[in-house]
Amino acid sequence: MKFKNILPLFMFLITFSFYAQNDKKVDEKREKIKAYKVSFLTTELELTSTEAEKFWPIYNAFDDKQYELRHDKMKTYMNKLDDDKINSISEKEAATLLCQIESTDKELYLLREKYMSNLKKILSHKKILKLKKSEDDFNRKLLKQYKEKAGK
């Protein structure tokens, strides 16, 4: 095999391994944050064992699907919206992209609606409000830690 045939293959493998390592780091960070969030919410919500048994599968399924919609789908849209690309797309491409974003927003809305309906079957309204507040508190706390780390 000639060197000029091997070089592109070699470059592909290097690039692929770089992206795989980067994805692995992102996944590890996400799992670490998720574990921290579970611990935080468990403490804040004071769920009974029966509530916890029913709550966590619903919460985790919702959280995973929401992550998929927000990060995987929206990420592809946002990549198309950087300054250089947005100025060069046609009106038709812009309309298509806008429809895709609206569709994803609608999916997120329907997902949240189903999630709330499922929560109402197992938690009191008061605990659902406490969950919402606890999630907001967790996000603020996480953001604060991130800012403190970035400032060092």
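Structure's up top.
Quantities reported herein were computed from a predicted structural model and do not represent experimental measurements.

Peer 1: Hey, could you run me through the packing of helix α4 (residues 91–120) against helix α5 (residues 125–151) in this one?
Peer 2: The angle between the axes and the distance between the axes are what describe a pair of packed helices. In the contact formed by α4 and α5, the axes pass within 9 Å of each other and the chain directions differ by 130 degrees. Of the possible angle classes, the one that applies to α4 and α5 is oblique. α5 is crossed by α4, and the crossing has right-handed handedness. Together, Y115, M116, L119 and K120 of α4 and H125, I128, L131 and E135 of α5 make up the contact between the two elements. Its residues placed into classes, the contact of α4 with α5 shows five nonpolar, one polar and two charged.

Peer 1: Please clarify how the packing of aromatic side chains should be interpreted in this entry.
Peer 2: The geometry of an aromatic ring pair comes down to the distance between the two centres and the angle between the two planes. All told, the structure shown has seven aromatic pairs when counted by the stated rule. Residues Y36 and F138 carry aromatic rings whose centres are separated by 5.4 Å and whose planes lie at 55 degrees to one another, so their mutual orientation is tilted. Pair noted here: Y36 is in helix α1 (residues 3–45) and F138 is in helix α5, with a separation of 102 residues, a long-range link. Relative to F138, the ring of F40 lies with its centre 5.7 Å away and its plane at 50 degrees, an arrangement referred to as tilted.

Peer 1: I keep staring at the environment of K127 and nothing clicks. Help me out?
Peer 2: Secondary-structure assignment places K127 in helix α5. If near-sequence neighbours (up to four positions away) are discounted, K127 is found in contact with L45, E46, L47, T48 and E51. At 3.2 Å, the side chain of K127 forms a polar contact with the backbone oxygen of E46.

Peer 1: Just checking my understanding: could you explain the pattern of salt bridges for this structure?
Peer 2: Inspection of every chain in the model, using the stated rule, returns 10 salt bridges. Overlapping salt bridges, with partners in common, bring together R30, K34 and D64 in one network.

The rules behind the values
- Residues numbered from 1 in each chain as written.
- Predicted model: local features only at pLDDT ≥ 70, side-chain atom pairs only at ≥ 80, totals over all residues.
- Heavy atoms only, no water.
- Axes fitted to C-alpha atoms, helices over the stretch in contact; angles between N-to-C directions.
- Helix = DSSP H or I, 4+ residues; strand = E, 2+ residues; numbered from the N terminus.
- Parallel < 35°, antiparallel > 145°, perpendicular 65-115°, else oblique.
- Left-handed = near helix turned anticlockwise from the far one by under 90°.
- Contact = heavy atoms within 4.5 Å.
- Nonpolar A, V, L, I, M, F, W, Y, C, P; charged D, E, K, R; others polar.
- Phe/Tyr/Trp six-rings, centres within 6.5 Å; stacked < 30°, edge-to-face > 60°.
- Polar contact = N/O pair within 3.5 Å; in protein donor to acceptor, adjacent residues only side chain to side chain.
- Salt bridge = Lys/Arg side-chain N within 4 Å of Asp/Glu carboxyl O.

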